[in-house]
Number of protein chains: 8
Amino acid sequence: MDQHELRALLGAVANGEMSVDEAVLKMRSTPFDDLGFAKVDHHRGIRQGAAEVIYGAGKTPEQITAIAENMLNNGQKTVLITRMSGEAAELLSSRLGDKFTYHEIARVGIAGVMPDPWGDSTVVVATGGTSDMPVAEEAALTAEALGCRVTRLYDVGVSGIHRLFAHSADIFGAKVIVAVAGMEGALASVIGGLADCPVIAVPTSVGYGASFNGLSALLSMLNSCASGVSVVNIDNGFGAGYLAGMINHI
Amino acid sequence: MDQHELRALLGAVANGEMSVDEAVLKMRSTPFDDLGFAKVDHHRGIRQGAAEVIYGAGKTPEQITAIAENMLNNGQKTVLITRMSGEAAELLSSRLGDKFTYHEIARVGIAGVMPDPWGDSTVVVATGGTSDMPVAEEAALTAEALGCRVTRLYDVGVSGIHRLFAHSADIFGAKVIVAVAGMEGALASVIGGLADCPVIAVPTSVGYGASFNGLSALLSMLNSCASGVSVVNIDNGFGAGYLAGMINHI
Amino acid sequence: MDQHELRALLGAVANGEMSVDEAVLKMRSTPFDDLGFAKVDHHRGIRQGAAEVIYGAGKTPEQITAIAENMLNNGQKTVLITRMSGEAAELLSSRLGDKFTYHEIARVGIAGVMPDPWGDSTVVVATGGTSDMPVAEEAALTAEALGCRVTRLYDVGVSGIHRLFAHSADIFGAKVIVAVAGMEGALASVIGGLADCPVIAVPTSVGYGASFNGLSALLSMLNSCASGVSVVNIDNGFGAGYLAGMINHI
Amino acid sequence: MDQHELRALLGAVANGEMSVDEAVLKMRSTPFDDLGFAKVDHHRGIRQGAAEVIYGAGKTPEQITAIAENMLNNGQKTVLITRMSGEAAELLSSRLGDKFTYHEIARVGIAGVMPDPWGDSTVVVATGGTSDMPVAEEAALTAEALGCRVTRLYDVGVSGIHRLFAHSADIFGAKVIVAVAGMEGALASVIGGLADCPVIAVPTSVGYGASFNGLSALLSMLNSCASGVSVVNIDNGFGAGYLAGMINHI
Amino acid sequence: MDQHELRALLGAVANGEMSVDEAVLKMRSTPFDDLGFAKVDHHRGIRQGAAEVIYGAGKTPEQITAIAENMLNNGQKTVLITRMSGEAAELLSSRLGDKFTYHEIARVGIAGVMPDPWGDSTVVVATGGTSDMPVAEEAALTAEALGCRVTRLYDVGVSGIHRLFAHSADIFGAKVIVAVAGMEGALASVIGGLADCPVIAVPTSVGYGASFNGLSALLSMLNSCASGVSVVNIDNGFGAGYLAGMINHI
Amino acid sequence: MDQHELRALLGAVANGEMSVDEAVLKMRSTPFDDLGFAKVDHHRGIRQGAAEVIYGAGKTPEQITAIAENMLNNGQKTVLITRMSGEAAELLSSRLGDKFTYHEIARVGIAGVMPDPWGDSTVVVATGGTSDMPVAEEAALTAEALGCRVTRLYDVGVSGIHRLFAHSADIFGAKVIVAVAGMEGALASVIGGLADCPVIAVPTSVGYGASFNGLSALLSMLNSCASGVSVVNIDNGFGAGYLAGMINHI
Amino acid sequence: MDQHELRALLGAVANGEMSVDEAVLKMRSTPFDDLGFAKVDHHRGIRQGAAEVIYGAGKTPEQITAIAENMLNNGQKTVLITRMSGEAAELLSSRLGDKFTYHEIARVGIAGVMPDPWGDSTVVVATGGTSDMPVAEEAALTAEALGCRVTRLYDVGVSGIHRLFAHSADIFGAKVIVAVAGMEGALASVIGGLADCPVIAVPTSVGYGASFNGLSALLSMLNSCASGVSVVNIDNGFGAGYLAGMINHI
Amino acid sequence: MDQHELRALLGAVANGEMSVDEAVLKMRSTPFDDLGFAKVDHHRGIRQGAAEVIYGAGKTPEQITAIAENMLNNGQKTVLITRMSGEAAELLSSRLGDKFTYHEIARVGIAGVMPDPWGDSTVVVATGGTSDMPVAEEAALTAEALGCRVTRLYDVGVSGIHRLFAHSADIFGAKVIVAVAGMEGALASVIGGLADCPVIAVPTSVGYGASFNGLSALLSMLNSCASGVSVVNIDNGFGAGYLAGMINHI
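Residues numbered from 1 in each chain as written. Chains lettered and ligands numbered in written order. Predicted model: local features only at pLDDT ≥ 70, side-chain atom pairs only at ≥ 80, totals over all residues. Heavy atoms only, no water.

1. Re the confidence of the model for chain A
Residues and elements named next belong to chain A. Here chain A averages 85 in pLDDT, while 87% of its residues score no lower than 70. Within the model, the stretch residues 28-49 combines pLDDT values under 50 with 66 contacts to residues more than four positions away or in other chains. Two summary scores accompany this predicted model of the complex, namely pTM at 0.84 and ipTM at 0.82. (pLDDT = per-residue confidence, 0-100. Contact = heavy atoms within 4.5 Å.)

Structure (structure tokens):
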């Protein structure tokens, strides 16, 4: 029940078409979201006019295709599909032709068209190594699907810190930075120490031995001695990209 | 070496007062920060014109007092002191009189005057229980010292979720929300599911048994199924308040 | 030695057919269970007149089939088979025809007929997301095999909390609730805060990154700030369904 | 807004006293709890007519006293105070005289009078060792404050298992059992293997070395091979007693 | 009910003094331990004719004194008291005079007289460092209280492995060895590699940093590449000494 | 350098055939093991006249075959091969015919003949469930290969504790007991509470969810409240069987 | 911008070809590494004139081949490729013929020629067991590619400690020792106790049960009671070999 | 038995003063260290002519004093005492006067005189923050006691990375670097990325929340993506300083 339906219901009560008892009954049995004060399917969709999201893991290619086509048919311009398998991509590609793009490394599909970025600000997505790219690309594509301008700084980890500093202009000019790193995850602290804007740290499961599938980077980032750094779950590129898009468009 | 010094040096080279060799040598041996592209003591200060910060843990009352007075004498209007002991507060109070306020529950001192908030937006700081208040107050006072308007929603945890919903207008109207909770840390997910703005989750060490000093809440918040949620370190109210202030004034 | 045998032995002593020494010897060497004070095979069977249970993991299709047929031949009306592979289901189906049903998502087989539910009360099984369904279905089918009426509330997690509230009548009317959730496991706390009945929380291994195969949800549920919540092992749908059935029929 | 207020509002709309716009505005800004579908302060009170609860940890003696007296003055017959310090007990005792009892080992205070137990059934509280008594007594007193008849079986751990078996009649006759144990926590499994009723396992932090403050017992209990066993947080006697009372009075 | 009582009961049945029904009732309600097939208070006492044990932790000096005197008065020659505080030792000393000895480093008291060792074999107790001595002495004194001859090899850790080898004759001549070590716990493996007899490894909480209160030594000992090594709980000198005594007197 | 060589060297010095300097040089550069005070290949062989052992993991079928044949050709009567793959078993079987037996469940091969047990005493190997059998059989076969008489008590876990008690005569009559259990590992404590002999506990990785691949059983066993219990590594049946054999033949 | 470019720029300023403003702008926007004070790609290359390194994991055979050929064509004499798959080795072998060697056990490839060792000193690489060889060989080949003389002492673990002592001359003569061990990792402490030179400990993931994929050896090595021992990541043979080469050529 | 004694013994055999049998017996029963091939008390002393070490933790002021005086009386010029309490320092100071210096922050005492550094090379000790100073000073003083020239770079952590770069000349000129840091421990990676020499990383327990007493920094340092970095135990300044001294004087 959205505001229009609520008004209609109240109007019906006002003009005697519906009794008070009926109205009480109907309101008690109507999902809260229809009352307008809760977000409709918030965490599964992105509703700033830019994109809808399908979380592809655990869905069959057929399911993904059906949902995506339904969204496009209902006027959605951009549909972002994360954790998408190659099989699902092939099926959707065969159905949508050039209205579908698959980013293999990020396992992200875009059905429809990517929106043009709006606003002047920039989201920077940086990685410690090339192995962190799948997670970083998931973040970058998510932010782009939300209408952000994204600058990618890949392989600028602290063991070759001059590469990071060569891009200091990008760091200083960003509105929000996503720092993606595995192993010791020091990138977030170094960037956090340089930048004046919010830094979203994404630990990745890249590493071996005592990296314990990302635990080392996660703890490192949580303990960052730099201010302005917050952390999302291990390998959660989508979460970081979504939050970056949110901050970028504030 | 700041930009002015660099210009002076280059000027000296231009007019023959300094040889190229001398200039190379001098530039190689000059600290980077002086070149102006790195932040000076960034993570220890807050430089949006609002406040300087002193991390009080491990500093003697005398050290804190000396630093704070030095800052005030140099024209700083607001000095925020976190993790400040009662002894340190007493000493500073005896020196500064009514130019010093101590918030005992948060163990935060304010030397000088709190800035008036600027801008229209609001930072919401919410807690699951009353035991989370020390951490929440550290976050709230930090944001206020940065010139933010702060709304406190304390004791709105998920076991009495109607109390949270009674404040839904505050949730929907916030520009950024700090969600502070111990035990199972579910508050962050519930708020993240309701709000459209960034949510900074702060796990606290409140709890007993298998809460493992905040680990339970930390993991819970990192795994939040709601989008737009990121996490800072356990009990890190300052970090959350600082980041919230940063986002609020974007 | 059951009570009848004990009486027979004592009778034999009383009428001189057996010496005291022989009786002592016999009693010392007789298994305790025969004395009647221990349950026979308690944890492998459900003996409220409703169902027997076979734990399918680690058993061959042939073994499962043999046990199930033996039970049915001995008059058992319902046999619940958990953790059953598709291969085992096929074999049993070929033997029992329509006297066998396989629930693929829960990997549960029912040989014989499901009992009609008895009593007026209802068991609610709720999940945070659709990925929690396999565990939830194991719980629901177990409760049904025990003669419970089960209401399923799936995908009512806290990030879209209005969906849960739309079913508040089910929550308030339940006699016992099974709350199944992975990731941050906040569902148990929210339901525990709403309901007046026992809540059995089942953490699932659903999630990624720092969910650590269900550890995050497990800790979260153990630390629930709501009263009336207890927890079973990760992914242990059977355990929760069994306990729910036990409470429902008290 | 409860149902009566909702009806009044809708009545006002129906008879033209309130415009639709006004009604929409009012409904959007009214706390949910007023709609009657959420429990008021559920997790802090016990409302089956038996007792109110005060969680004493972190409250001053004065605060506890004020709350308890207020409750008694408002007609509450029994007030249960958990995690109560000796100082708080002394203060309350000086105020209430013989209307207050303090159970030192459990750190539980009872203000007012303990209710007479009702119903025929019994709650059994069993411990592995005498060191588990504080937690067990918290559970037992909580259940008694809820009007339960409680049988205590203390020091019946598995290393002297005959002591447990000597009380098999109590085990078989219980409606619900609280099994409290530290160290290896095996008591829950043995009781779960014997009993036909729900068993609530409470791991305690009793033990040393690799017991890791209750982690060993917690894991042990979660992995119990017996059916009908669920677990609450380490040392959470109150939670177990509350749940036991809930099940006992179903 | 011991064997004599059982015989008496059966005799009463045999000669008609007791009816079969009465006998059944009596047998069903008699503690199992009385039937003679379970050990009475096994894990708290040592019953090979050598010593009784009191676990002193959590007992008041008065309680310990009362129990010890009661044991001595009942003819017990040796009473071993572990985890005994200095206060308790003083009280017992003032009561028993020279019939009491206190070993401060091990926090072990001996009331009565130490038995003379019997048998030809020897128990070796070895430590990695001097800091492991409290645990080692608890083990050694326990074994001596059980009538074992004990050879102490202290401070023979692997960083000065020649000191261990200087005692190779002791190692080769032992019937059972208790290896006590903290930090990296390598002593157990080295001794296990040299000796032909059972080695009982006791990890201690000695160490700092990543020793994690004995976890490092515990894991190290469990993973020993030498055969014949088994492990008891961290700092559990009594457990090791008791087991060593058991093996020594086989 | 063995004792004979040492004597020869000293003799050469005594009769002037070798200078002191040459002798010093030679002694400094001679391997220690030749001096006779270290065991040769102790931990890989069992040298009480019963069996040699090959640890099969990580060895090719050809390697295993070559080693086993070499041992048999050198007069070894029994060769025990642990962690042996089916492929290796097939190859060895094709070479040795009926002089080789493969125990599939334990993945243990016996080349040559099993020794007849000697001595009067018995080793009991008990398991909590049937899933623990592979580990238990590895222990039992190891003990048998060492000349022990072994009684197997399988599936006597604590959830059906009467089954264990039905075998109390075996428990009381054992010289040493190996208790093998996964999940909550309570079997070791219950047996330790009943028996008067050493109990070697083997945690297994059997279980799911929060059993964490045997960690739950491991911690449980280390924290056993029963005396006389020690623990080996998770799933280490060989280690337990070897130690049991060692104790049995003391 | 390297030193030559900096000089050119300053020269241009000196002779008026470039204005001060232009120079400031250019210097602010030039990558730092060009200034010559940061190492170019340090951690991916070894630049003591001996070898370049390619980390093979996550690279396709084609990528590896292209990089290696490019290096060789640019005059590099030795290219070390770690974590190299057999497929990649085959491809490179087909291209380079006898200018390529593949060490299968270490998964290391050498393109070009191994340098002759220089200097008098020796690096010792020791392992606890044969299963540690892959990690040890990675270390040894890395050191050899850096021009070190390497002595391999394999299978000298502490359970047969005489084998280690037989090589004491190698231990005493080494300039730096790499100690590679899994399971309990005691080798590092024993070697650290014998040697006077730096010992680099490499925990391996060899082991089972509670070795937790190398955690046991890692903790053990970190807690070594011997001085001069430091630790690298689990299975990080390359890191140890690189550091050993660095120290050896000091 | 040192070489001289060995020569004497062999001389006695050579000239007939001692029989071969007596010599064999004596050699078998003499501690190995006396044979000269094992280090005497290696890990407790530093024997490069510079200093002896006393580990002060767990020793009484009297014990420390006695040991130190004994060493000085035997000609030792420098005695380093780590983990020394203020009380012990006072006592030693009262005995030795100006021949004793106490470094309070590092809790290190120096009895006798500090050696003058020898050699041209330098050890750099760097810390992330001022709170890491106690550990860093322990490292620095240890290295100085070994005759090293030490450069201290304190408070150069990555959140203000320009401060580190301002000291790049020190970094590039060091022979070995000790990097001391808590929290996220990123300093080791950044220094490892800049330097060409061995870097010894020391995690400290500085931090809060999810730093878990140094675990975060420890894991971070073990996973360093820079080559040439190895790690010692948490807070183990002595170990790092000792190893640095060893490498510095190679």
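Here the narrative resumes, following the displayed structure.
2. Focus: the pattern of salt bridges
Applying the stated criterion to the full structure yields 40 salt bridges over all chains. The shortest N-O distance in the salt bridge between Arg152(A) and Glu137(A) comes to 2.6 Å. With a gap of 15 residues between them, Arg152(A) in strand β6 (residues 149-153) and Glu137(A) in helix α5 (residues 133-145) connect regions that are remote in the sequence. Of the charged contacts in the structure, one is a salt bridge between Glu138(E) and Arg83(E), with a shortest N-O distance of 3.1 Å. Of the two residues, Glu138(E) sits in helix α5 (residues 133-145) while Arg83(E) sits in the loop between β2 (78-82) and α4 (86-96), which places them 55 residues apart along the sequence. By relative accessible area, Arg83(E) is classed as partly exposed at 21%. One connected set of salt bridges, linked through shared partners, spans Glu137(A), Glu144(A) and Arg152(A). (Salt bridge = Lys/Arg side-chain N within 4 Å of Asp/Glu carboxyl O. Helix = DSSP H or I, 4+ residues; strand = E, 2+ residues; numbered from the N terminus. Buried < 20%, exposed > 50% of the residue type's maximum accessible area, 1.4 Å probe, protein only.)

3. Observations concerning the relation of the copies chain C and chain D
Here two copies of a chain appear, and what relates them is a rotation about an axis with a shift along it. The transformation that overlays chain C on chain D combines an axial shift of 0.2 Å with a rotation of 179°, and the residual RMSD is 0.4 Å. Look at the turn and shift together and you get a two-fold axis relating the two. Considering only C-alpha atoms, the residue of chain C closest to the rotation axis is Val231(C), which sits at 2.5 Å. When the interface residues of chain C are mapped onto chain D, 97% of them are again interface residues, pointing to one common binding face. (Least-squares fit on C-alpha atoms with pLDDT ≥ 70 in both.)

4. Remarks on the pairing of strand β5 (residues 122-127) of chain C
The two faces of a sheet get side chains in turn, since along a regular strand they alternate between them. All names here are of chain C. With six of six residues buried, β5 lies mostly within the body of the structure. Along β5, one buried face is formed by Thr122, Val124 and Ala126 and the opposite face, lined by Val123, Val125 and Thr127, is buried too. Two elements, β5 and strand β6 (residues 149-153), share five bridges in a ladder whose sense is parallel. Considered in β6, the bridge of Thr122 is made with Arg149. Handedness of the β-α-β unit built from β5, helix α5 (residues 133-145) and β6 comes out right-handed. Of the strand pairs in this sheet, β5 and strand β7 (residues 176-181) are connected by five bridges, and their pairing is parallel. Counted as the bridge partner of Ala126 is Ala179 from β7. (Pairing = 2+ DSSP bridges. Right-handed = clockwise from strand over helix to strand, strands pointing away.)

5. Here we look at unusual backbone geometry
Its identity as a non-glycine residue notwithstanding, Asp155(A) has a phi of 65°, on the positive side. Position of Asp155(A) relative to the elements: it lies in the loop between β6 and α6 (161-165). Overall, the relative accessible area of 16% leaves Asp155(A) in the buried class. Of note in the backbone geometry, Met183(E) takes a positive phi value of approximately 50° without being a glycine. The exposure class assigned to Met183(E) is partly exposed, which follows from its relative accessible area of 26%.

6. Overview of the pairing of strand β4 (residues 108-112) of chain H
Residue and element names in this part refer to chain H. Within β4, five of the five residues are buried, which leaves the element mostly enclosed by the surrounding structure. Sheet topology note: the strand β2 (residues 78-82)/β4 ladder contains four bridges and is antiparallel. Note on β4: the bridge partner recorded for Val79 is Ala111. When strand β3 (residues 100-103) meets β4, the two strands line up antiparallel, connected through four bridges. In the strand pairing of β4, Tyr102 is matched with Gly109. Hairpin remark: β3 followed by β4, antiparallel, with four residues in the connecting loop; positive phi at Arg107, about 55°.

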